Amino acid sequence: VFCALNPDVAGLMELENTTPTDSINDLLAAINSQCGTANPYYFSGTGSTLGGDAIRVQIVYRSGVVVAVGSPMVDNAPINSRPTMAQTFDVVDPANGAFGERFTLVANHLKSKGGCGSASGGDVDNNDGQGCFSARRTAQANRLLTWVSSAVVPAAGDADVLLVGAFNPYAQEP
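This one's a predicted model, so the numbers in the text were calculated from it and none came from an experiment.

> I keep staring at the pattern of salt bridges and nothing clicks. Help me out?
It is possible for side chains of opposite charge to pair when their charged atoms get near one another. For the coordinates displayed, the defined rule picks out four salt bridges. Across the pair D75 and R143 runs a salt bridge, and its minimum N-O distance is 2.8 Å. Placement of the pair is D75 in strand β4 (residues 66–75) and R143 in helix α3 (residues 134–156), with a sequence separation of 68 residues. Ionic pairing is found between E173 and R137, a salt bridge with its closest N-O pair at 2.5 Å. With a gap of 36 residues between them, E173 in the segment after β7 (161–166) and R137 in helix α3 connect regions that are remote in the sequence. With a relative accessible area of 22%, E173 lands in the partly exposed category.

> Would you mind going over unusual backbone geometry with me for this structure?
In this model, N127 sits at a positive phi of 55°, which is unusual for a non-glycine residue. A positive phi is found at N168, a non-glycine position, where the angle reads about 50°. Among the structural elements, N168 can be located in the segment after β7.

> I tried to follow the packing of aromatic side chains on my own but got confused; where do I start?
Think of a pair of aromatic rings as described by two things: how far the centres are apart, and how the planes are tilted against each other in angle. All told, the structure shown has four aromatic pairs when counted by the stated rule. An angle of 75° between the planes, with centres 5.0 Å apart, marks the rings of F2 and Y41 as edge-to-face. Separated by 39 residues along the polypeptide, F2 in helix α1 (residues 2–5) and Y41 in strand β2 (residues 41–43) bring together distant segments of the chain. In this pair, the class of F2 matches that of Y41, namely buried. Among the aromatic residues, ring-to-ring pairing joins Y42, Y61, F89 and F103 into one connected group.

Quick notes on the rules
Residues numbered from 1 in each chain as written. Predicted model: local features only at pLDDT ≥ 70, side-chain atom pairs only at ≥ 80, totals over all residues. Heavy atoms only, no water. Salt bridge = Lys/Arg side-chain N within 4 Å of Asp/Glu carboxyl O. Helix = DSSP H or I, 4+ residues; strand = E, 2+ residues; numbered from the N terminus. Buried < 20%, exposed > 50% of the residue type's maximum accessible area, 1.4 Å probe, protein only. Phe/Tyr/Trp six-rings, centres within 6.5 Å; stacked < 30°, edge-to-face > 60°.

Put into structure tokens, the structure is as follows:
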């Protein structure tokens, strides 16, 4: 599926978070053996696991098409269920219509509605179409916007930002 999509950059969700690189190295080895011959995929390394959850986000990119600018940024704010990650890229392939442009990809994974037994207060499912943890997802979305505008855009020096990931919205969410 990944090869059929043929992305130049991608944000991956629910990657195993037990080591900084084992799961992404295994995945990219398989992808690159299938479709990464001319321009193999690499990942933006954070140097460690991200947060304490069993899963994490990860950003991958196709070499020769884009180049990572600086180190990835990570938002470890306590409101996040899983830390959000951002990486800035420059388009370096002269055959690409966006050659010379800069953009930042932000990968996030907001709280799902699962595990309602631990929900309390504004996170309880009120049977109104929002599921449980609606208050937490709203706070996470607000934090995401604040982090992007106050940290990511100034660090990138460019306002072109693409937000990808599992926003986990449900019917009737604010």
